[in-house]
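# Summary of structural features
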Amino acid sequence: MKFIQLLPIAIAIALTAAIYVLAAQYFQVNALWLPFISWALYFIVGGKPSFLPKEIAGLTGGMLFGYLTLLVVTPMASIIGGTLSMPVAVFFAAFFILLLELIDLFDMIPAYFFSYTSYFAYFFGGFGGEEATSIGIMPAFWILLMAGLGLGFFTAELRKRILGMQGIQEN
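The following refers to the structure shown. (Residues numbered from 1 in each chain as written. Predicted model: local features only at pLDDT ≥ 70, side-chain atom pairs only at ≥ 80, totals over all residues. Heavy atoms only, no water.)

## A closer look at the packing of helix α4 (residues 82–99) against helix α5 (residues 109–124)
Put simply, the test is: Orientation is described by axes fitted as lines to C-alpha atoms, over the contacting stretch for helices, and by angles from 0 to 180 degrees between their N-to-C directions. Helical segments are the DSSP runs of H or I of at least four residues, strand segments are the runs of E of at least two, and each set is numbered from the N terminus. What sets the label is the angle itself: under 35 degrees gives roughly parallel, over 145 gives roughly antiparallel, 65 to 115 gives roughly perpendicular, and the rest give oblique. Crossing handedness: left-handed means the near helix sits turned counterclockwise from the far one by under a right angle, and right-handed means the same turn made clockwise. The contact rule is simple, with two residues in contact once any of their heavy atoms fall within 4.5 Å. All residues other than Ala, Val, Leu, Ile, Met, Phe, Trp, Tyr, Cys, Pro, Asp, Glu, Lys and Arg, Gly among them, are scored as polar; the first ten of these are nonpolar and the last four charged.
Running from amino to carboxyl end, α4 crosses α5 at an angle of 150°, the nearest separation of the two axes being 10 Å. With respect to each other, α4 and α5 are oriented roughly antiparallel. For α4 against α5, the interelement crossing comes out right-handed. Residues Met86, Ala89, Val90, Ala93, Ala94, Ile97 and Leu98 of α4 touch α5, and the partners they reach there are Ile109, Tyr112, Phe113, Tyr116, Phe120 and Phe124. Within the contact of α4 with α5, the residues separate by chemical class into 13 nonpolar, no polar and no charged.

## Structural notes on the packing of helix α1 (residues 3–26) against helix α6 (residues 138–165)
Interhelical geometry of α1 versus α6 gives an angle of 155° and a closest axis separation of 10 Å. In this view, α1 runs roughly antiparallel relative to α6, as classed from their interaxial angle. In terms of crossing hand, the pair formed by α1 and α6 is right-handed. For the pair α1 and α6, the contacting residues are Leu6, Pro8, Ile9, Ala12, Ile13, Thr16 and Tyr20 in the first and Leu151, Phe154, Thr155, Leu158, Arg159, Ile162 and Leu163 in the second. Each residue belonging to the contact of α1 with α6 can be placed in one class, and the counts come to eleven nonpolar, two polar and one charged.

## Observations regarding the pattern of salt bridges
Rules: A pair is scored as a salt bridge if a Lys or Arg side-chain nitrogen falls within 4 Å of a carboxyl oxygen belonging to Asp or Glu. For every residue, the accessible area (1.4 Å probe, protein chains only) is compared with the maximum for its type, and the residue is labelled buried under 20%, exposed over 50%, or partly exposed between those bounds.
Per the stated rule, a full pass over the model turns up three salt bridges. Lys54 is the salt-bridge partner of Asp104, the closest N and O atoms lying 3.1 Å from each other. Of this pair, Asp104 sits in the loop between α4 and α5 while Lys54 sits in helix α3 (residues 52–80), and the two are 50 residues apart along the sequence. The exposure class assigned to Lys54 is buried, which follows from its relative accessible area of 18%. For the salt bridge of Asp107 with Lys54, the shortest nitrogen-to-oxygen distance reads 3.0 Å. Of this pair, Asp107 sits in the loop between α4 and α5 while Lys54 sits in helix α3, placing them 53 residues apart in sequence.

## A look at the environment of Ile143
Secondary-structure assignment places Ile143 in helix α6. Once the C-alpha coordinates of Ile143 and Pro35 are considered, the two residues, 108 residues apart in sequence, prove to be 8.8 Å apart.

What follows is the structure in structure tokens.
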């Protein structure tokens, strides 16, 4: 693809990102970075609407594994000690996430890890507010991830239309 063909796509998608950030600031979204995680995921795994169910399942599942990890760390610390409780909890979460590759609907493993690690950043970064519990942050966290998938879908369609207007067909 030539520069002149890519230029309108780059402008349109950059403008979309800027409008999202402006709207997130207006609505005081304190983790405006989070949708960029799932937005990137949309394209990393192929940028196709047919993958959305697996992406949604993976992002939701990663969030749930993050919650469960935080849920078991404290009780586990009283049994095996504080130093080992988080590594052991993460071991089991990663183990079970990787086994999900065997189930067709749940085999979007990168989505699980994007969401799982982002959940810790969101929780430990205090983006859910001072009083937020691990379970209390889940709705806002999930909505922001889904917003990113929406942005991914929108910009993929935008790219396709701009290329179509230029007479370019992409696979």
